[in-house]
Structure formats: C-alpha cells, structure tokens
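Overview (structure and organization)
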Amino acid sequence: MDPGFSVDDIAPIAILMDELRSEDVQLRLNAIHRISTIALALGPERAREELIPFLQESVDDEDEVLLALAEELGREFHEYIGGPEFAHVLLGPLENLSAVEETLVRDKAAESITKISATLNQAQIEQYYIPLLQRLSRGEWFTSRTSSCALYAPVYDRVSPSLQDELRKSFASLGSDDTPMVRRAAAKWLGPLVKKFAKPHVLTDGLAVYRKLQADDQDSVRLLTVEDLIAIAQQLTPAEVKEQLLKPMRTTISDKSWRVRYMAASHFNELAEAVGQELVREELVGHYVQLLKDNEAEVRTAAAGQIPGFAKLLEKEVIQARIVPCVRDLCQDTSQHVRAALANQINGLAPLLGKDATIEHLLPLFLHLLKDEFPEVRLNIISKLEQVNEVIGIELLRDSLLPAIVELAEDKSWRVRQAIIEYIPLLATQLGKSFFDEQLGNLCMSWLGDTVYSIREAATVNLKKLTEVFGVDWAREQIVPKVVGMGQHPNYLYRMTTVQAITTIAPSLTLEIIRGDILETLLQLGGDTIPNIRFNVAKALEVLVETFGGTPDGRQLVQQKIIPVLDIEKNDQDADVRFFASHALQKAHEVFA
C-alpha cells in the first residue's frame, strides 16, 4: 500500500468497486445511487482521476444499473468533480452508455449529456462535446448513431458558423442512414434542431432533410415528421409555407398509413396555427373534413379531439357549413371511442356558433349523446354542460336537457351518477331555490342511500355545497330533517351516512341548528351497536369541537354535551372507537386550555 494513502482514503472507492462487482444486482444498483456520496468522500481530484475512469469501464452490466448510472451522472454530478470547468470529464462514461443496446439507457444518457452541455463553455463544447458528437454520429453500430441525433440541437447555436455547417451536414447524413431506427431518431429531433437554424438554412438544409424523411418508406419514420412540419412552418412566412410545404402537407394528411394520418389529426390545431389563416381557409378545412370522415376509428377519434381548437380559426358560416355536418355524422359513429372524444369536445362549439345556431344544430346532438349506450359518452357530455348553459341560457337547458339529466341521475354506471352529482351545485345556482326544491331536491337526498360508497360520499359533499349556495335557513328546512331522519333507519349504512353527512355539512351550519336539530341524533348514534358508526360519531364530534369551540356558547356545548359522550367512548370495547374518541377528547380539552 502507498504510504501516502490512509485506509480511510482508500475505503470509499474500494467499497464501491466491491459492490459494483457484486453478483447481487440490488447491491450494484444501491452502489450507483450512492456515487455522489462516494465522490464527495473522495474529493474532486480523486473523483475525476479514479471514480470516473472506473465508471467508464462499468458499462457491461444489467440495464437497470446502467440506467441508474446515466441518471446519476446527469444530476449536477459535475459539482462533485470540481464544478463546470471539469464537467466535460463526465462525457466519457456517458458516451459509452449512449452506445448500449437498451433504448431506455441510451435515451437517459443522451438526456444527461444534454444537461451537462448547458454547463460547458464554448471552448469545452468545441474541444470535447463536438468530437464526442462526431464519434457517435459515425459509430459503427446504429445505437450510437441513434443517440447522436438528440445531441445536435442543445449546442448548435453555441458553436462557430463553420462548425454549424459541419453539424448540419452530419445531421443530414443521419437523416439518410440505412437503418430505420437512426432515421426515426433524426425525424424525432429534426424539429428542435430546425428551431435553432437561421432562416436561409431552414429553407435549404432543414427542408432537404425533412423532405427525405417525409418520403421515407417506413411509416414509423414518416409519422414523426408531422412535428417537424409544424416546427419548419413556424419558422417560415405564410407565403413560404404555401410554396415549400403545401405538397408534403397534403401527402402527410392523406398518407396511406393510418398511423401517419393519426399523428396529423392529433397535431392538426398546431399545424393550422403554424401555417396561417389563408392556408387554413383554402386547404386545411377540406383536409380536416377528410380526417373526420377517415375510415380508421383512431384517426376520427384524434380528429374529433381537435374540433373546438380548429373551429376557433374559422368563420361561423364555415363551421356551420363544413364542420357541423361532420359532427352530426360522428354522433352516429359506430365506434364508442369516437363518440366519447366528440362528446368531450362538442360543447366547445357552442360559444363559437352562438345561441341560435347552438339551439338549432347542437342541442339535438347533446340530447342524443346524453342517451348514448356507452357511459363514457354520457359522462363527457355532462361534465362539459356548463359551456352550453352559458350560451343557451338556463330556461332552455331546464326545458330540454334537465329531463335527460334527471334520467342520468339514476344511471346504472356509478361514474355517470357521480358526474351528475358534481354538476348539481352549478345547476342549483342557475335554477334558483324553488325550482331546485321541486325538481331536484328529492333526487339529492336519494343519493345518500346509494349502494356505491363514492356516490354517498359525493352526495354529502353536494349537500355542503348546496348549503353554501342557498343558505343555512334553506338547509335547516330542506336538508337537516331528512339527514337526521335517516339516523333512525334499521340499515346501518343509512345511519353511517347520517353521521358522515353531519361531519361534512356541520362547518357550513350555525351553532343554533347544530344544538337544536342535529346534536341529539348524533349523540344517540354514539351508542350505536355498530363500532364503525361509533368511531365516526367521535370524528364528527371532533369536527364540531374544532368548528364551534372558539365561541363561549360553543365551549359550553362542548363541556355539557360532547365531552361526556367522548368520555364514555374512550373506554369503548372497540380499539378504533377508543382511538378516535381519545383524539377528539384531546381536541376538546385544548379548547379550554
């Protein structure tokens, strides 16, 4: 042993090496997650000279270990080896990781190299990063060439013009690579790179690579060029887009592969915003209608998801003439997923069409979709009705849609019932007190006895919100008697719901209502035969203590009524009851502290 080193100096690296050579994968993984600690123990110089070379040789391991290493090196690891001026040292191990077979490891290594590039100065980039990029781009195996595609954009605008020329040529050769995986990576990363190009280079190099990839014989490459098309269009004027991109745009939207058309449909709004208003009117409306009528359900689903966004770019007359007929057809679509996507977006057309056109064209479609056999379709329509309400007004909503909403309140799918419950407070605000009591009051109470717990829970929250909308006097008259009445029900679930409803709505009520109408029932339930009810009573009493214990009258109520019941419950035979009663009792005593 070198007399210059103590055992303490050698221990960290020796332990790491031992653990990294261990047969146990978990041990090797743990060692990798601790490399920052080990680097700290070694100090910057030894970390650079011993740890990094060791890690550089450690690429023959399980994928999960390599993935962890790639991630750790990107977590500001340069701080442990002497700061940004030595950050380039980390590129060595990451270069090796960028060439391994597992895609996840390569992607994480490329991500970490990108993070490190942000800390490098121009000299470091030109001296260390660019040679690494060139080696990866010319690598014998497709894996390194694939990884290199992600590494052009982060540094392109930070190098000299002559190096930029080289980088453009090098990227162009990756776009023409023999291996589809490399061309796919080039298509994926062309968009971010083009955004860094000067305008003349977009028109020359950027377009040349894009056209080659867009005409690729592999649809997995072509589908990735949709985002490149948008990135290039954003860099050009509408006239240049028309001249340079019109033909490839048409080709992409009508591609023979449904996957490419699906990508075009998914990004249609971004494309429309990038190409300018004139091309939208002249070209894209027709193409959009074509996608809405596509023979593949996945494409129609993606196109339906873009309806309001694209319609915002059109005049009202065009929406009525071209888009609404397609929407009408999609309401009858054979695919439930298409109808669900449409139901999620169709409401967004109401503000664009205005009241009269919405009543004439959309209202019948809303009613049709509200009666759809597929629960998700009904759910999507209900959850977005607010937009329609704002356009057509409450009277029409009440007369035409309310019967359908009431019908859905008893839907066999509990998620639909839950969506209706969540919509009720908003509806209540707009309908007014008397109409609500007449049409929906009993419905709201019936949900408290639903067979599904989530519905009962949502119903209690709904009552709290309604109390906030209509006031405590209304709650005393309409809600409290019905909730308290359920406390006498022979079925324990109803009694449990009474306790939970009281717990939820109590903070919105007054002390007078609690004392006069609610407390007696709650205290009686504290002696129920079911332990679950007894401990929920303890939780409810704790809420009452926290809500009203701050006033003299509240403290008196806690002292005279609540503490005696909790004293009995804290000695209950059930452990849960004792626990919650003791917790509530502690809160009650704090009120008097």
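Residues numbered from 1 in each chain as written. Predicted model: local features only at pLDDT ≥ 70, side-chain atom pairs only at ≥ 80, totals over all residues. Heavy atoms only, no water.

**What to know about a negative patch on the surface**
Quick note on the threshold: Only residues whose relative accessible area exceeds 30% and that take part in no salt bridge are eligible for patches, with like-charged residues grouped when within 9 Å of each other and nonpolar side chains (Val, Leu, Ile, Met, Phe, Trp, Tyr) grouped when within 5 Å. The Shrake-Rupley method, run with a 1.4 Å probe, gives the accessible areas here. Residue values count only the displayed protein chains as cover. Any carboxyl oxygen of Asp or Glu within 4 Å of a side-chain nitrogen of Lys or Arg constitutes a salt bridge here. Under the convention used here, Asp and Glu are negative, Lys and Arg are positive, and both His and the chain ends fall outside the count. Note that the charge is assigned to NZ on lysines, CZ on arginines, CG on aspartates and CD on glutamates. Put simply, DSSP H or I for four residues or longer makes a helix, DSSP E for two residues or longer makes a strand, and each gets a number counted from the N terminus. Per-residue accessibility, obtained with a 1.4 Å probe over protein chains only, is compared with the maximum for each type, and a residue is labelled buried under 20%, exposed over 50%, and partly exposed between these values.
Together, Glu62, Asp63, Glu64 and Glu101 line one region of the surface with negative charge. As for its position among the elements, Glu64 is in helix α5 (residues 63-73). Residue Glu64 is classed as partly exposed on the basis of its relative accessible area, which comes to 44%.

**Digging into the packing of helix α34 (residues 492-505) against helix α36 (residues 531-548)**
Filter applied, for reference: In this analysis an axis means a line fitted to C-alpha atoms, helices contributing only their contacting stretch, and an angle means the value between N-to-C directions, from 0 to 180 degrees. We call two directions roughly parallel when the angle between them is under 35 degrees, roughly antiparallel when it is over 145, roughly perpendicular when it lies between 65 and 115, and oblique otherwise. Handedness of a helix crossing follows the sense of rotation of the near helix relative to the far helix, less than a right angle counterclockwise being left-handed and clockwise being right-handed. Two residues form a contact once any of their heavy atoms are found within 4.5 Å. Ten residue types, Ala, Val, Leu, Ile, Met, Phe, Trp, Tyr, Cys and Pro, are classed as nonpolar, four, Asp, Glu, Lys and Arg, as charged, and the remainder, Gly among them, as polar.
Orientation of α34 relative to α36, taken along the N-to-C sense of each, is 10°, at an axis distance of 9 Å. Overall, the two elements α34 and α36 adopt an arrangement that is roughly parallel. Handedness of the α34/α36 crossing: left-handed. The segment α34 lies against α36, with Tyr492, Arg495, Met496, Val499, Gln500 and Thr503 engaging Asn532, Ile533, Asn536, Val537, Ala540 and Val543. Across the contact of α34 with α36, the residue classes break down as 7 nonpolar, 4 polar and 1 charged.

**Quick word on the pattern of salt bridges**
Applying the stated criterion across every chain yields a total of 29 salt bridges. Of the charged contacts in the structure, one is a salt bridge between Asp528 and Arg495, with a shortest N-O distance of 2.7 Å. Taken together, the positions of Asp528 in the loop between α35 (511-525) and α36 and Arg495 in helix α34 put the pair 33 residues apart, joining distant regions of the chain. The buried category is assigned to Arg495, whose relative accessible area is 11%. Members of the salt-bridge network, linked through shared partners, are Glu71, Glu72 and Arg75.

**A look at the packing of helix α19 (residues 277-292) against helix α22 (residues 316-331)**
Across the interface, α19 lies against α22 with an axial gap of 10 Å and an inter-helix angle of 10°. In terms of axis orientation, α19 runs roughly parallel to α22. Facing Val285, Gly286, Tyr288, Val289 and Leu292 of α19, the residues of α22 in contact are Val318, Arg322, Ile323, Cys326 and Leu330. Considering only residue class, the contact of α19 with α22 consists of 8 nonpolar, 1 polar and 1 charged.

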